[in-house]
Amino acid sequence: MKKNLISVIILALLIVNIVLTAIMMFSVTGASKKTAALVDNIATALNLELSSGTEGAGAEEAVSMADTETYSFAEPMTIPLKKNEGEDKDHYCIVSITLSINTKADGYKEYGSAESLATMEGLIKDEINSVFAQYTTEEARDNQEAIKKEIINRIQTMFDSKFIYNVSFGDIMFG
């Protein structure tokens, strides 16, 4: 008789355990849905994307390939970088630069031709040098997208136009 009574008590405790587990599961699921909705609303308010997308320099406007021209500097640039703390050795970056140009943008007719850009090449190179000079070798390796964005911002400010919308680094070497 005692074994039968203990079996009934164990069965009752199992049923109570299952009921309490189900109640806890429903309450946690509801709270997690509310948390996900709150995070989604905050991300929307901050205009962030939850998906991991890559954004390059000038990603805010899409320019078709038919409206794109490129201007490549004839020679790779040798750019001095900021020295590491406590180090006297000079560091350099050798990089080939290509600018992407929107042929439909304001300012293209005035500055966008290859001849106009060739005459302004010294000024553009100076902006590129000044951006790279703020970084050490390690920082330049790790922050290439930030460097591109800063170069684009400075070039667009210099021309007071957004006809140059992207910069590309080719054959980049650090030493």
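The coordinates are above.
Before going into details, it helps to say that this report is about the structure given with it. A quick note: this is a predicted structure, and the numbers were derived from the prediction, not measured.

### Looking at unusual backbone geometry
Point 1. Positive phi, normally seen in glycine, also occurs at D160, with a value near 55°.
Point 2. As for its placement among the helices and strands, D160 is situated in the loop between α5 (144-159) and β4 (164-174).
Point 3. Here D171, not a glycine, exhibits a phi torsion of approximately 50°, which is positive.
Point 4. For D171, a relative accessible area of 65% corresponds to the exposed category.

### Remarks on the pairing of strand β3 (residues 91-102)
Point 1. Direction of pairing for strand β1 (residues 68-72) relative to β3: antiparallel, over a ladder of five bridges. Note on β3: the bridge partner recorded for S72 is T98.
Point 2. Relative to β3, strand β2 (residues 77-81) runs antiparallel, the two sharing five bridges. Paired with L81 across the bridge in β3 is H91.
Point 3. Bridge count between β3 and β4: eight bridges; the pairing is antiparallel. Paired with C93 across the two strands is F174, which belongs to β4.

### Examining the nonpolar core
Point 1. Counting 29 residues, the largest nonpolar core has I97, L99, I128, F132, I151 and I164 as the members making the most contacts within it.
Point 2. Secondary structure elements with two or more residues in this core: β2, β3, α3 (114-132), α5 and β4.
Point 3. Those residues in contact with I151 that lie beyond four places of it in its chain are I128, V131, F132, V167 and F169.

### Examining the pattern of salt bridges
Point 1. For the structure on display, the rule yields five salt bridges.
Point 2. Between R154 and E127 there is a salt bridge, with its nearest N and O atoms 3.8 Å apart. Taken as a pair, R154 in helix α5 and E127 in helix α3 lie far apart in primary sequence, 27 residues in all.
Point 3. In this structure, the salt-bridge partner of K148 is E145, at a minimum N-O distance of 3.6 Å. Residue K148 and its partner E145 are both found in helix α5; the two are separated by three residues, about one turn of the helix.
Point 4. Take K148: its relative accessible area is 15%, and that puts it in the buried class.
Point 5. On the accessibility criterion, E145 (37% relative accessible area) is partly exposed.

Rules of the game
Residues numbered from 1 in each chain as written. Predicted model: local features only at pLDDT ≥ 70, side-chain atom pairs only at ≥ 80, totals over all residues. Heavy atoms only, no water. Helix = DSSP H or I, 4+ residues; strand = E, 2+ residues; numbered from the N terminus. Buried < 20%, exposed > 50% of the residue type's maximum accessible area, 1.4 Å probe, protein only. Pairing = 2+ DSSP bridges. Core = buried A, V, L, I, M, F, W, Y, C linked by side-chain atoms within 4.5 Å. Contact = heavy atoms within 4.5 Å. Salt bridge = Lys/Arg side-chain N within 4 Å of Asp/Glu carboxyl O.

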